[in-house]
Amino acid sequence: MSDPVKTMKQEVGRAAAARVKSDSIVGLGSGSTAAYAIEYIGDRLAKGEIKNVVGVPTSFQSEVLAKQFNIPLVTLDAIDHIDVAIDGADEVDPDKNLIKGGGAAHTREKVVDSLAKEFIVVVDEGKLVDKLGSTFLLPVEVIPMAVAPVMRSLAKLGGKPELRMGVKKAGPVVTDQGNLVIDVKFDHIKNPAEMEKEINNLPGVLENGIFVGVADIIMVGKIVDGKPEIVEF
Ligand SMILES: O=C[C@H](O)[C@H](O)[C@H](O)COP(=O)(O)O
């Protein structure tokens, strides 16, 4: 039996990839939904449907996938703009604010997604929330020596912080930058813009997973009457 969440991710990833045009620079997001978009961009290039597309990866994962699907890559040193970025999210509110970083990739993602002229977010409908922080813990990337003081500061801000541990690794998750991730439970984030700045101001914090005013289009994969459908806002 097919997995409905997988189907929604696949459909929405493909629908976003179908919008990529020839002669463009594309930000390649991280996570399971963005992975489908990367695969489909590679497919379209291989079939000659689009030409002269280069990608800017947002993580080790997206770099590996892009290479696997023969998408030429560039670094930010070599370009002065990004036409479109396609990336997933862990939560999306009605104002297009996001929580990202479930895969610990939010720091590079924020750099790349913010530079894009158009940032398309691809999610399944389970990611839609009224208020950020409703279902997902907020990821905060921290340099290793500052973990203890940052955890205390996050608790003072009303959060319940925990150091993210590896699943198959004995020890904490290490980011692509060599840092650690603190996941913080907040009972709803009232003012995402303020919270994003406040957390990033803590000494030792590199970046947190709140994205305010970055997303342009949210594409949502749904299952309606047993069939996949895409809606956007
Ligand atoms: O760090 C990971 C990223 O922010 C992902 O885009 C996010 O976690 C969503 O991933 P997925 O599409 O696998 O749910």
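Please read all numbers here as calculations on a predicted model, not as lab measurements. (Residues numbered from 1 in each chain as written. Predicted model: local features only at pLDDT ≥ 70, side-chain atom pairs only at ≥ 80, totals over all residues.)

Participant: Where do I start with the UniProt feature "active site" (unreviewed entry) in the protein in this structure?
Facilitator: The positions UniProt marks with the feature "active site" (unreviewed entry) are Glu-109. Inspection of the secondary structure assignment puts Glu-109 in helix α4 (residues 106-115). If near-sequence neighbours (up to four positions away) are discounted, Glu-109 is found in contact with Gly-29, Ser-30, Thr-58, Asp-87 and Lys-100. (UniProt positions renumbered as here; feature names shortened; annotations may be inferred. Helix = DSSP H or I, 4+ residues; strand = E, 2+ residues; numbered from the N terminus. Contact = placed C-beta atoms within 7 Å.)

Participant: Which parts of the structure should I look at to understand the sheet that holds strand β3 (residues 82-87)?
Facilitator: With respect to topology, 6 strands assemble into an open sheet ordered β2-β1-β3-β6-β12-β13, the strand pairing being mixed. At either margin of the open sheet sits one strand with a lone partner, and together these are β2 (54-57) and β13 (227-232). In this sheet, neighbouring strand axes are inclined to one another by 25° on average, regardless of whether the strands run parallel or antiparallel. Relative to strand β12 (residues 217-224), strand β6 (residues 116-124) runs parallel, the two sharing 5 bridges. Bridging from a neighbouring strand, Val-122 pairs with Met-219 of β12. Contacts from helix α2 (residues 32-47) reach β1 (25-28), β3 and β6, with the element oriented near 120° to β6. Against the sheet, α4 contacts β1, β2, β3 and β6, and its axis sits at roughly 135° relative to β3. (Pairing = 2+ DSSP bridges. Axes fitted to C-alpha atoms, helices over the stretch in contact; angles between N-to-C directions.)

Participant: Whenever I open this one, the environment of Glu-229 confuses me. Can you help?
Facilitator: Turning to its location among the elements, Glu-229 is positioned in strand β13. For Glu-229, a count of 14 C-beta atoms within 10 Å corresponds to the partly exposed category. Ignoring sequence-local partners within four residues, the contact set of Glu-229 consists of Lys-222 and Val-224. (Buried ≥ 20, exposed ≤ 12 C-beta atoms within 10 Å, placed from the backbone.)

Participant: Sorry if this is basic, but what is going on with the domain arrangement of the protein here?
Facilitator: One widely used convention gives an interface's size as the accessible area the parts lose upon coming together. Here the domain parsing of the protein yields domain 1 (4-128 + 213-232) and domain 2 (138-206). Of note, the centres of domain 1 and domain 2, computed from C-alpha atoms alone, are 25 Å apart. Domain 1 puts 11 residues into the contact, and the matching count from domain 2 is 10 residues. A total of 3 residues in the side of domain 1 that touches domain 2 trace back to one element, the largest contributor, which is α4. Taken together, the residues of the side of domain 1 that touches domain 2 break down into 4 nonpolar, 6 polar and 1 charged. (Domains from an automatic or database assignment. Nonpolar A, V, L, I, M, F, W, Y, C, P; charged D, E, K, R; others polar.)

Participant: What exactly am I supposed to notice about the nonpolar core here?
Facilitator: Most often, soluble globular proteins keep nonpolar side chains buried together rather than apart. Counting 61 residues, the largest nonpolar core has Ala-37, Val-121 and Val-122 as the members making the most contacts within it. Residues lining this core come from more than one domain, with at least three contributed by each of domain 1 (4-128 + 213-232) and domain 2 (138-206). (Core = buried A, V, L, I, M, F, W, Y, C linked by C-beta atoms within 7 Å.)

Participant: Honestly, the site of the ligand in this entry has me stumped. Any pointers?
Facilitator: The immediate surroundings of the ligand are formed by 18 residues, with Gly-31, Thr-33, Gly-88, Gly-102 and Gly-103 found nearest. Listing elements by their share of the shell around the ligand, those giving two or more residues are α2 and α4. In terms of residue class, the shell around the ligand is built from 4 nonpolar, 10 polar and 4 charged. (Near = placed C-beta within 6 Å.)

Participant: Please explain α4 as it appears in this structure.
Facilitator: Structural remark: α-helix, 3.6 residues per turn; residues separated by three or four positions point the same way. Among the 10 residues of α4, 7 are classified as buried, and the element is accordingly described as predominantly covered. All buried positions along α4 are accounted for by His-106, Thr-107, Arg-108, Glu-109, Lys-110, Val-112 and Asp-113.

Participant: Would you explain the packing of α2 against helix α3 (residues 60-68) in this entry?
Facilitator: When two helices pack together, their arrangement is given by the angle between the helix axes and the distance between those axes. The interhelical angle for the contact between α2 and α3, taken along N-to-C directions, is 25°, at an axis separation of 9 Å. Taken together, the axis directions place α2 and α3 in an arrangement best described as roughly parallel. Here α2 and α3 pass one another in a crossing that is right-handed. Contacts between α2 and α3 involve Ala-34, Ala-35 and Ile-38 from the former and Ser-62, Leu-65 and Ala-66 from the latter. Grouping the amino acids of the contact of α2 with α3 by side-chain chemistry returns 5 nonpolar, 1 polar and no charged. (Parallel < 35°, antiparallel > 145°, perpendicular 65-115°, else oblique. Left-handed = near helix turned anticlockwise from the far one by under 90°.)

Participant: What should I look at first to understand the sheet that holds strand β10 (residues 205-208) in this one?
Facilitator: Backbone hydrogen bonds are what pair the strands of a sheet, in a parallel or an antiparallel way. Strand order in the open sheet formed by 4 strands is β8-β9-β7-β10, with antiparallel pairing between adjacent strands. Of all the strands in the sheet, the pair left with one neighbour each is β8 (160-163) and β10. In this sheet, neighbouring strand axes are inclined to one another by 30° on average, regardless of whether the strands run parallel or antiparallel. As judged from the 3 bridges shared by strand β7 (residues 138-142) and β10, these two strands associate in the antiparallel manner. Opposite Glu-141, over in β10, you have Glu-207 as the bridge partner. In this fold helix α5 (residues 147-156) packs onto β7, β8, β9 (180-185) and β10, with an angle of close to 15° to the strand it touches most, β9.

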